[in-house]
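Chain by chain, the residues run as shown.
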Amino acid sequence: PPFATTKVDGTDNVYVFRYGGAQAMFVVTKEGVIATDPIGYGRPQAATTYLEEIKKVTNQSVRYVIYSHHHFDHIAGGKPFKDAGATFIAHKRAKERLEQLKDPHTVIPDETVDNDRTITLGGTTLELTYLGLNHSDSTLVMRLPAEKIIFTVDWLPVGSLPGRGMIDSYPLEWEDSIKKVLAMDWERLIPGHPGAGGRLGTKKDAQDVLTFLQEVSAEVKKAAHEGKCWDAVEKEMKLPKYASMPGYEQALPFILRRYCGLWGRGT
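All figures in this text were calculated on a predicted structure; none of them were measured in a lab. (Residues numbered from 1 in each chain as written. Predicted model: local features only at pLDDT ≥ 70, side-chain atom pairs only at ≥ 80, totals over all residues. Heavy atoms only, no water.)

Things to note about the overall build of the chain
The line we're drawing: Helix numbers and strand numbers start at the N terminus; a helix is a DSSP run of H or I with at least 4 residues, a strand a run of E with at least 2. Restricting the calculation to C-alpha atoms gives the radius of gyration, and the globule rule supplies 2.2 Å times the number of residues raised to the power 0.38. The contact rule is simple, with two residues in contact once any of their heavy atoms fall within 4.5 Å. Shrake-Rupley sampling with a 1.4 Å probe provides the accessible areas, and residues are treated as covered by the protein chains on show and by no other component. Under this rule, positive means Lys or Arg and negative means Asp or Glu; His and the chain ends count for nothing. One atom stands in for each charge, and that atom is NZ of Lys, CZ of Arg, CG of Asp or CD of Glu.
Tallying secondary structure elements over the chain gives eight helices and twelve strands in all. Here the C-alpha radius of gyration of the chain, 19 Å, is about what a compact globule of 267 residues would show, namely 18 Å. Taken over the C-alpha atoms alone, the chain extends approximately 60 × 40 × 35 Å along its principal axes. Partitioning the intrachain contacts of the chain with sequence separation of at least 6 by distance along the chain shows that 61% fall at a separation of at least 24. Carbon and sulfur atoms make up 49% of the accessible area of the chain, which totals about 12,100 Å². Taken as two groups, the 33 positive and 34 negative side-chain charges of the chain have centres that lie 1 Å from each other.

So, the environment of Glu175
Definition in use: Note on classification: 1.4 Å probe, protein chains only; a residue is buried when its accessible area is under 20% of the maximum for its type, exposed when over 50%, partly exposed between these limits.
Mapped onto the fold, Glu175 is located in helix α5 (residues 171-182). Glu175 gets classed as buried once you look at its relative accessible area, which sits at 11%. Along the chain, Glu175 and Leu189 lie 14 residues apart, while their C-alpha atoms are 17 Å from each other. If we ignore the near neighbours within four places in the chain, the residues touching Glu175 are Leu210, Leu213, Gln214 and Ser217.

Things to note about the sheet that holds strand β8 (residues 116-121)
Rule in force here: Think of it this way: DSSP has to see at least two bridges between two strands before they count as a pair. To define axes, lines are fitted to C-alpha atoms, for helices over the stretch in contact only, and angles between the resulting N-to-C directions are given on a 0 to 180 degree scale.
With mixed pairing, five strands are arranged side by side in an open sheet as β8-β9-β10-β11-β12. Both edges of this open sheet fall to β8 and β12 (188-190), since each of them pairs with a single strand only. Neighbour-to-neighbour, the strand axes of this sheet turn through a mean angle of 25°, independent of strand direction. By the bridge criterion, four bridges tie strand β9 (residues 124-130) to strand β10 (residues 140-144) in an arrangement that is antiparallel. The residue of β10 that forms the bridge with Tyr130 is Leu140.

Re the state of the cysteines
To keep it simple, the criterion reads: Note on disulfides: each one is a pair of cysteine sulfur atoms within 2.5 Å.
On inspection of all chains with the given rule, the structure shows one disulfide. There is a disulfide in this structure between Cys229 and Cys260, and the S-S distance comes to 2.0 Å. In this structure the cystine formed by Cys229 and Cys260 twists about its S-S bond by roughly -80°; its chirality is therefore left-handed. Note that Cys229 is positioned in the loop between α6 (203-225) and α7 (231-236) and Cys260 in helix α8 (residues 248-265), a separation of 31 residues in sequence. Judged by relative accessible area, Cys229 falls into the partly exposed class, the value being 21%. You can call Cys260 buried: its relative accessible area is 0%.

Side note on the side chain of Ser138
Rule in force here: Here a polar contact means two N or O atoms within 3.5 Å. Within protein one must be a hydrogen donor candidate and the other an acceptor candidate, and residues neighboring in sequence count only if both atoms are side-chain atoms.
Structurally, Ser138 is set in the loop between β9 and β10. For Ser138, a relative accessible area of 0% puts it in the buried group. Engagement of the side chain of Ser138 in a polar contact is seen with the side chain of His70, the distance being 2.9 Å.

Set out below in structure tokens:
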């Protein structure tokens, strides 16, 4: 179906809203709702549907909307939430970038996070943590400590490979961010795109992403030192170990080009 709302197993108040191939988390408390990414880029009806789905679950208003990072494909379309009185929160770099871009479909955050912030609402605690550069320079990890659940977007795919998200990423720092998130106390990950089979992620999934990044980085680094970036790598290199993973053919060009940028140009 085009959209779906699902309560996370084992919780009383944590939900996943999916619209098309993107999804967000929202948490219902007795004092209001904490929502995340409006996911309205190119589909303005998504945010309206999102609000309608929340109203099916609770009569509490949305108090907060928290951006995962500054990329429009996840955070555009939040005006219906703003009109309903929600306070928007993002990392400080997200606000700086959005103020530069002035996208008409994306609400500028009201409040920002530097390194960390804790939101407590209706007996629910949500921790916002900035781990550094990875898929973007403004990514937040949102952790529900009581439920041992995290929500974070685009840099920890579940059962698939990173693709277009490699374009403007920071590959070496991405590895460091994964090491930091693995050291945090959590058991399940709600990703920004549905995981393989619709499942939530685990620490093994995060470790698998780290292993993948390290392996492809080493392969392209060797080729780059032999002068094979860009054309030879992009046309000839394969990653047969990962060929059976969903999205392999589509993701491979983005992955190889980004690592050629790193090891072939230093960018």
